[in-house]
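The chain contents come next:
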Amino acid sequence: MPTTVNAFTSSMAKAWVGREIEAVNHPLPILASEFIVKAYQFVYKFIFICCMTMAAASLSASFAMFLVQERTNKSKQVQMVSGVHKGVFWLSHFLWDLVVYTLPASGMLLCFVLYREPEFTGRNFPAVVLLFIAYGCSSLPCIYVLHWFFEEPFKAFLRLWTVCFLSGYILFLVDWIFNMISFLSRTCRYIHRVGSWVYPFVSPQFNIAKGMYNLQLNQNDPLDPLAVPKSPYDLDVTGWPII
């Protein structure tokens, strides 16, 4: 408001007397409590992303148990001998696993609605739904490929959960750190730029973590509280993670 008034009066003064009015603004210093609030907001976001990545990794890794069990007890071989085509076998597995995946995923979405989280409800809710659908469609084929390395169902679940969680959360932290320090040197900017293209192809868990974090940051950015929120489908928010 003061800037608007100054611009108006300055234009009038310039038109009448040929001189402008200069306004100087000295904002109040940031209180220590404001730094604490901003730090708390970042901690909350990272704790949420950590828990979200753990849940997503556990959900996707659980589907490996049935595949390993089916392979070790030779039930898959019986189906192949009976004439079931491999394409039909894997397609039916994928479709059924998607149906099973929608149940816990719907429960997670329901929690967002019940707790009325502004970052994940309202106009952002359809983007969250698309993010969960894209995660299910991308994580299941990865689990199908990785389950061949295991012979015990429970061991497959534990190790795949570890791989999924660490690959998603650690890559997310690496991407965030290099984004924050990218102004320091050209090398940091190059690493961040390359990583932004490589990480999404390495880990589906990174995509869901990045998408959920971007939705939080788009709704409430501690470093830029006056920023205008973008569309939740913007490429810089959930667009690239969904793709």
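Residues numbered from 1 in each chain as written. Predicted model: local features only at pLDDT ≥ 70, side-chain atom pairs only at ≥ 80, totals over all residues. Heavy atoms only, no water.

J.: Quick rundown of helix α9 (residues 204-219)? Include the residues and the values.
T.: Taking 1.5 Å per residue as the helical rise, α9 with its 16 residues ought to reach 22 Å, and the 23 Å between its terminal C-alpha atoms agrees with that figure. Of all 16 residues in α9, 13 are buried; the element is thus mostly enclosed. (Helix = DSSP H or I, 4+ residues; strand = E, 2+ residues; numbered from the N terminus. Expected span 1.5 Å × (residues − 1). Buried < 20%, exposed > 50% of the residue type's maximum accessible area, 1.4 Å probe, protein only.)

J.: Hey, could you go over the environment of M212 for me, with residue numbers and the actual values?
T.: Within the secondary structure, M212 sits in helix α9. Other than its neighbours up to four places away in sequence, M212 contacts F48, I49, M52, F112, F120, V128, L131 and F132. (Contact = heavy atoms within 4.5 Å.)

J.: Please set out the packing of aromatic side chains residue by residue, giving values where relevant.
T.: Taken as a whole and judged by the stated rule, the model has 13 aromatic pairs. Taking the centre distance of 6.2 Å and the plane angle of 50° together, the rings of F48 and F112 count as tilted. Taken together, the residues F48 in helix α2 (residues 32-61) and F112 in helix α5 (residues 86-114) connect sequence positions 64 residues apart. Each of the two residues, F48 as well as F112, counts as buried. The interplanar angle of 35° and the centroid separation of 4.9 Å between the aromatic rings of F112 and F120 together place this pair among those described as tilted. Residue classification places F120 among the buried residues on the basis of a relative accessible area of 1%. An aromatic cluster of at least three residues, connected via ring pairs, comprises W161, F165, Y169, F172 and Y213. (Phe/Tyr/Trp six-rings, centres within 6.5 Å; stacked < 30°, edge-to-face > 60°.)

J.: I'd like a description of the packing of helix α3 (residues 63-72) against α5, backed by residues and values.
T.: Direction vectors running N to C along α3 and α5 enclose 145°, while the axes themselves pass 11 Å from each other. Pair α3 / α5 crosses with right-handed handedness. Across from F63, L67 and E70 in α3, the residues of α5 making contact are F89, W90, H93, D97, V100 and Y101. Taken together, the residues of the contact of α3 with α5 break down into six nonpolar, one polar and two charged. (Axes fitted to C-alpha atoms, helices over the stretch in contact; angles between N-to-C directions. Left-handed = near helix turned anticlockwise from the far one by under 90°. Nonpolar A, V, L, I, M, F, W, Y, C, P; charged D, E, K, R; others polar.)

J.: Kindly report on the pattern of salt bridges, identifying the contributing residues and their values.
T.: With the rule as written, the count across this model stands at two salt bridges. With a closest N to O distance of 3.5 Å, R71 and E151 form a salt bridge. Residue R71 is found in helix α3, and its partner E151 is found in the loop between α6 (125-146) and α7 (153-180); the two are separated by 80 residues along the sequence. Since its relative accessible area comes to 15%, R71 is described here as buried. The closest approach of N and O atoms between K210 and D175, which form a salt bridge, is 2.8 Å. Of this pair, K210 sits in helix α9 while D175 sits in helix α7, placing them 35 residues apart in sequence. (Salt bridge = Lys/Arg side-chain N within 4 Å of Asp/Glu carboxyl O.)

J.: Just give me the short version of a nonpolar patch on the surface, but keep the residues and values in it.
T.: A contiguous nonpolar surface patch, about 1100 Å² in accessible area, is contributed by Y190, I191, V194, W197, V198, F201, V202, L235, W240 and I243. For the nonpolar patch, the elements supplying multiple residues, two or more each, are α8 (186-202) and α10 (235-242). Sort the elements by how many residues they give to the nonpolar patch and α8 lands first, with seven residues. Tracing the chain through its elements places I191 in helix α8. Since its relative accessible area comes to 32%, I191 is described here as partly exposed. (Patch = residues over 30% accessible without salt bridge, like charges linked within 9 Å, V, L, I, M, F, W, Y side chains within 5 Å. Areas by Shrake-Rupley, 256 points an atom, 1.4 Å probe, with all protein chains shown as cover.)

J.: I'd like a description of the nonpolar core, backed by residues and values.
T.: Residues I49, M52, F112, V128, F132, F172 and M212 are the most contacted members of the largest nonpolar core, which totals 44 residues. Of all the secondary-structure elements, those providing two or more residues to this core are α2, α3, α5, α6, α7 and α9. Here the element with the most residues in this core is α2; it accounts for nine residues. Sequence-distant contacts of F172, defined by excluding residues within four places in its chain, comprise F46, I49, F206, A209, K210 and Y213. (Core = buried A, V, L, I, M, F, W, Y, C linked by side-chain atoms within 4.5 Å.)

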